[in-house]
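Working through the structure, step by step
As a plain string of letters, each chain reads:
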Amino acid sequence: MTDRVGRVLDAAHLDRLIKAYDVRGVVPDDLSPQIARLVGAAFAHVVRASTADGGPGTVVVGQDMRPSGPELVAAFADGVASQGVDVLEIGLASTDELYYAAGSLDLPGAMFTASHNPAQYNGIKLCRAGASPVGQDTGLREIRDLVLAWSAAGIPAHDGPVGTVTSRDLLTDYSAFLNALVPLGASRHLDVVVDAGNGMGGHTVPAVLAGLPLSVTPLFFELDGTFPNHEANPIEPANMRDLQAKVLETGADLGLAFDGDADRCFVVDERGEIVDPSTLTALIAARELAKHPGATVIHNLITSAAVPEIVRENGGTPVRTRVGHSFIKATMAETGAVFGGEHSGHFYFRDFWRADSGMLAALHTMAALGETPGATTLSSLLAEYSRYASSGEINTIVTDQQAVIAAIKSTYGSQDGVTLDELDGLTVSGPDGWWFNVRPSNTEPLLRLNVEGADDAQMAAVRDAALAIIRGGAA
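All of the points below concern the structure found in this document. Just so it is clear, the model here is predicted, and its values are computed rather than measured. (Residues numbered from 1 in each chain as written. Predicted model: local features only at pLDDT ≥ 70, side-chain atom pairs only at ≥ 80, totals over all residues. Heavy atoms only, no water.)

**So, the overall build of the protein**
For the protein, the helix and strand inventory stands at 15 helices and 22 strands. In terms of overall dimensions, the protein is globule-like: its C-alpha atoms have a radius of gyration of 23 Å, near the 23 Å expected for 475 residues. The C-alpha extent of the protein, read off along each of the three principal axes, is 65 × 55 × 45 Å. For the protein, buried positions account for 56% of its 475 residues. Contacts in the protein between residues at least 24 apart in sequence constitute 68% of all its contacts with a sequence separation of at least 6. Put simply, the protein shows about 17,900 Å² of open surface, and 51% of that area lies on carbon and sulfur atoms. With 32 positive and 58 negative side-chain charges, the protein shows a separation of 3 Å between the mean positions of the two kinds. (Helix = DSSP H or I, 4+ residues; strand = E, 2+ residues; numbered from the N terminus. Rg over C-alpha atoms; globule rule 2.2 N^0.38 Å. Buried < 20%, exposed > 50% of the residue type's maximum accessible area, 1.4 Å probe, protein only. Contact = heavy atoms within 4.5 Å. Areas by Shrake-Rupley, 256 points an atom, 1.4 Å probe, with all protein chains shown as cover. Lys, Arg positive; Asp, Glu negative; His and termini not counted. Charge placed at Lys NZ, Arg CZ, Asp CG, Glu CD.)

The following block contains the structure:
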């Protein structure tokens, strides 16, 4: 098969397009309607083959505001229906709204989004019934192989009627579900600035926050997949400046920033300072443990050391995992954990089918502040959850990543009191509390460094020593 731009679809193309956790690429060069149709047919085949009774079932499909979405969704739905599987389209949605649909309806799902990537990108996040993730080891590799085979031989004809395509709006149901999980009815009134970044937060925030004791100042709520104001990627500090300035200008109690598909949330306090996601992880963990005493909480290995400390102080059991949502969700399933947090701004909830929801994290933050006396500020509320100094993630282009990691092991492995851990990349921990982790990127020739120390001076010293080794082997 040739795609819209006349290229033969081959294994190398699919390996660029189908990542570890999703399908993502430039439209139409990487991801065309023809490929979306193949992915839809392959996904239907995989989820149909896995149903208990072998019945045709239904796939629920949502999309973000990118201009390429409608055509890709139509092609994907056609591919699903070609295999005798029905399609339920929920239209414009955040990724966590799609997870709500897959969880509440117990259906496999597909979300068309490229998250925080620039406008020319689009992609597909897939899940099984109950919002269980689909990654390379849980169906995505099989889908990739079917797409490759069918691109040459054609999609096999289904022995029976094709599936139907119907539509349903779930935004009101989704909003009610989240507000039942984290009610703000008894909260004091808060002034909140929300930066949707022209992404799906502009669609979901008005519905979820309607009627709550909040005054909301909206920034960039217009749905626009060309991102005319700034990239919808709040992990980059430059994309938080508009929110920080508006919080200070209006004297708001806090600010919220969502990424393009609104599954991640970042917070700004009343001083205009960005709140570390590890601090939010610790806060939400304490709140969930108050509801579920003795429960397990998952955190990845680059969250602050304060997180497991606070989990233990609140009677919970912390469990450390690799970076990445598939590891978080799998470990939550294995342990029955009530909550999981990542330093990237993803927050996972057992009561939300172990899926991530930026909106739930936002509601928890506002509820925690709203339950305090009127003089309490967000920065003072969070002070007990922020204990150490961190570097944030520092990326360096490195040609021979393993050689640099070996050099770090050689340097630190012989030092007294220093421990090495290779759960994910290399974590080096010192006897007086400092640690750093260095991990290769899965998709780029980068090494990612995260450092934490007791204070800014210690953190900076550890950071600079590690960077000297990394940059000595840089490209």
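On we go.
**Observations concerning the sheet that holds strand β9 (residues 214-219)**
The mixed open sheet is built from four strands, whose spatial order is β9-β8-β10-β11. The open sheet is flanked by β9 and β11 (265-268), the only strands paired with a single partner. Direction aside, neighbouring strands of the sheet carry axes that sit 25° apart on average. The sheet contact formed by strand β10 (residues 254-258) and β11 spans four bridges and is antiparallel. Looking across to β11, one finds that Leu256 is bridged to Val267. Each of β8 (190-195), β9, β10 and β11 is contacted by helix α12 (residues 358-370), which is oriented at about 175° to β10, the strand it contacts most. (Pairing = 2+ DSSP bridges. Axes fitted to C-alpha atoms, helices over the stretch in contact; angles between N-to-C directions.)

**Let's talk about the packing of aromatic side chains**
In the structure shown here, the tally under the stated rule is 13 aromatic pairs. When the centroid spacing of 5.2 Å and the interplanar angle of 50° are considered together, the rings of Phe339 and Phe349 count as tilted. Here the residue Phe339 occupies a position in strand β14 (residues 339-341), and Phe349 occupies one in strand β15 (residues 347-349), the gap between them amounting to ten residues. Taking the relative accessible area as the measure of exposure, Phe339 reaches 0% and is therefore buried. Overall, the relative accessible area of 2% leaves Phe349 in the buried class. Site record: aromatic cluster; members linked through ring pairs are Tyr100, Tyr174, Phe177, Phe352 and Trp353. (Phe/Tyr/Trp six-rings, centres within 6.5 Å; stacked < 30°, edge-to-face > 60°.)

**Side note on helix α2 (residues 33-49)**
Over its 17 residues, α2 runs 24 Å from end to end, which matches the ideal 24 Å to within 8%, given 1.5 Å per residue. Counting buried residues in α2 gives twelve out of 17 residues, a clear majority hidden from the surface. All buried positions along α2 are accounted for by Pro33, Ile35, Ala36, Leu38, Val39, Gly40, Ala41, Ala42, Phe43, Ala44, Val46 and Val47. Buried residues in α2 make contact with α1 (11-17), β2 (58-63), α3 (69-82), β4 (109-112), β5 (121-128) and α5 (140-153). (Expected span 1.5 Å × (residues − 1).)

**Examining the layout of surface pockets**
Taken as a whole, the second largest pocket spans an internal volume of roughly 210 Å³. Taken together, 17 residues form the lining of the second largest pocket, with His299, Leu301, Thr303, Arg320 and Trp435 sitting closest to its centre. Secondary structure elements with two or more residues in the lining of the second largest pocket: β12 (296-300), α10 (306-313), β13 (317-321), β19 (419-421) and β20 (426-429). Classifying every residue of the lining of the second largest pocket gives seven nonpolar, seven polar and three charged. (1 Å grid on protein atoms, 1.4 Å probe; cavity = no way out; pocket = protein on both sides within 12 Å on 5 of 7 lines; lining within 4 Å. Points joined across faces, edges and corners; volume = space filled by probe spheres on them. Nonpolar A, V, L, I, M, F, W, Y, C, P; charged D, E, K, R; others polar.)

**Some words on the sheet that holds β15**
Judged by pairing direction, the sheet is mixed, and its five strands sit side by side in the order β13-β12-β14-β15-β16 without closing on themselves. Of all the strands in the sheet, just β13 and β16 (355-356) have a single pairing partner and so form its edges. Of the pairings in the sheet, the one linking β12 to β13 comprises five bridges and is parallel in character. Looking at the pairing, Ile298 lines up with Val319 of β13.

**A look at the nonpolar core**
Counting residues in hydrophobic clusters, the biggest one holds 72 residues, and the most contacted among them are Leu254, Leu256, Phe258, Leu363 and Met366. In this structure, Phe258 is in contact with Val194, Asp195, Ala196, Val205, Pro234, Arg264, Cys265, Gly358, Met359 and Ala362, ignoring residues within four places of it in sequence. Within the second largest apolar cluster, 36 residues are counted, among which are Val80, Phe112, Ile124 and Leu146. (Core = buried A, V, L, I, M, F, W, Y, C linked by side-chain atoms within 4.5 Å.)

**Observations concerning the pairing of β5**
The element β5 is extensively covered by neighbouring structure, given that six of its eight residues are classed as buried. As paired elements, β4 and β5 share four bridges and run antiparallel to each other. Counterpart to Phe112 in the pairing with β5 is Ile124. As paired strands, β5 and strand β6 (residues 132-133) are joined by two bridges and run antiparallel to one another. When the bridges of β6 are listed, Cys127 appears paired with Pro133. Where β5 hands over to β6, the hairpin turn is made up of three residues, of which Gly130 adopts a positive phi near 80°.

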